[in-house]
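One-letter residues, chain by chain:
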Amino acid sequence: MSVFVRKVRHLETFAEVAVSRKSSDPLFQDAINMLIRLLVEETSNHSDEFDSHAYEALHAVENDLARKLTIAALAIEAGMAKSPFARCFRRMMNEPPIQYVIRRRREEAKRQIQQPTLPIEEIAINLGYSDFSFFRELFRKRLGYTAESLRENRNFWSHPFQLSKLSTAAI
């Protein structure tokens, strides 16, 4: 059985807690219980909202966040006209397609910035931001701190509860 999950960021947060703890730790058990609860909730509450056509566009976004995406391009990926696609995607993901793309780029930027292997300029380019100064300013405006400060303080920001608070900000 396949399960379509909309609340991926919640699952990621609890999964991070679970993998960072020993199985005897009460936080591990709580995280596993929350993961199961979220999966059951998603399965029972949203199974009728899954659309295989819109999922094709979602898959395209996830596979290439750097690509210049428009509603028209995503509708083509889905094999649908623009308006029905936009409605279907919003119903399935609980947000408009372009907002989804922006949120996913933001989440991926935060994740990659916390890894010291890539220069921040390269991360910006890999996520579709050809103008690095625009990326830096957008990051600072939306989150209240710079990408460089996130990297410097990654141990603080990588705490699962901090990540869940940050995931509500938009870039």
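Residues numbered from 1 in each chain as written. Predicted model: local features only at pLDDT ≥ 70, side-chain atom pairs only at ≥ 80, totals over all residues. Heavy atoms only, no water.

Here the focus is the overall build of the protein chain. Helix and strand counts for the protein chain stand at 11 helices and 0 strands. Burial statistics for the protein chain: of 171 residues in total, 40% are counted as buried. In the protein chain, once contacts between residues fewer than 6 apart in sequence are set aside, the share between residues at least 24 apart is 61%. (Helix = DSSP H or I, 4+ residues; strand = E, 2+ residues; numbered from the N terminus. Buried < 20%, exposed > 50% of the residue type's maximum accessible area, 1.4 Å probe, protein only. Contact = heavy atoms within 4.5 Å.)

With that out of the way, let us pick up the nonpolar core. Within the largest apolar cluster, 30 residues are counted, with the highest numbers of intra-cluster contacts made by Val-61, Leu-74, Phe-85, Ile-113, Phe-135 and Phe-139. In terms of residue count, the dominant contributor to this core is helix 5 (residues 82–93) (5 residues). (Core = buried A, V, L, I, M, F, W, Y, C linked by side-chain atoms within 4.5 Å.)

The interhelical angle for the contact between helix 3 (residues 52–63) and helix 4 (residues 71–78), taken along N-to-C directions, is 120 degrees, at an axis separation of 7 Å. In terms of their interaxial angle, helix 3 and helix 4 are classed as oblique. Every pair of crossing elements has a handedness; the one defined by helix 3 and helix 4 is right-handed. Seen from helix 3, the contacting residues are His-53, Ala-54, Glu-56, Ala-57, Ala-60 and Val-61; seen from helix 4, they are Leu-74, Glu-77 and Ala-78. (Axes fitted to C-alpha atoms, helices over the stretch in contact; angles between N-to-C directions. Parallel < 35°, antiparallel > 145°, perpendicular 65-115°, else oblique. Left-handed = near helix turned anticlockwise from the far one by under 90°.)

So, about the environment of Ala-109. Locating Ala-109 in the fold gives a position in helix 6 (residues 97–113). Its relative accessible area of 1% is what places Ala-109 among the buried residues. Those residues in contact with Ala-109 that sit more than four places away from it in its chain are Ile-123, Leu-127, Phe-135 and Phe-139.

Here we come to helix 5. Think of an α-helix as turning once every 3.6 residues; residues three or four places apart then point the same way. Over its 12 residues, helix 5 runs 16 Å from end to end, which matches the ideal 16 Å to within 8%, given 1.5 Å per residue. Taken together, the buried positions of helix 5 are occupied by Phe-85, Cys-88, Phe-89, Met-92 and Met-93. Within helix 5, the buried residues cover an arc of 110 degrees as seen down the axis, which keeps them to one side. Those residues of helix 5 that are buried lie in contact with helix 3, helix 4 and helix 6. Once helix 5 ends, the next one or two residues include Asn-94, with phi positive near 65 degrees. (Expected span 1.5 Å × (residues − 1). Arc of directions from axis to C-beta.)

A few words now on unusual backbone geometry. The phi torsion of most residues other than glycine is negative, and most of the peptide bonds are trans. One non-glycine residue, Asn-94, lies in positive phi territory at about 65 degrees. Among the secondary structure elements, Asn-94 is positioned in the loop between helix 5 and helix 6.

Counted by the stated rule, this structure contains 10 salt bridges. With its nearest N and O atoms 3.6 Å apart, the salt bridge here joins Asp-25 to Arg-21. Where Arg-104 meets Glu-107, a salt bridge forms, and the shortest distance between an N and an O atom there is 3.1 Å. Of the two residues, Arg-104 and Glu-107 both sit in helix 6, 3 residues apart, roughly one turn of that helix. Take Arg-104 and Glu-107: they sit in the same class, and that class is buried. Taken together, the salt bridges that share partners define one network made up of Glu-62, Glu-95, Arg-103, Arg-104, Arg-106 and Glu-107. (Salt bridge = Lys/Arg side-chain N within 4 Å of Asp/Glu carboxyl O.)

Bringing the environment of Gly-128 into the picture now. Looking at the element boundaries, Gly-128 is found in the loop between helix 7 (120–126) and helix 8 (132–143). Excluding its chain neighbours within four sequence positions, the residues that come into contact with Gly-128 are Ala-66 and Lys-68.

For the protein chain, per-residue confidence averages 77 on the pLDDT scale, and 76% of positions sit at 70 or higher. By mean pLDDT, helix 11 (residues 160–166) is the weakest element of the protein chain at 44, and helix 4 is the strongest at 92. Scored below 50 in pLDDT, residues 155–171 shows 32 contacts in the model against residues more than four places distant or in partner chains. (pLDDT = per-residue confidence, 0-100.)

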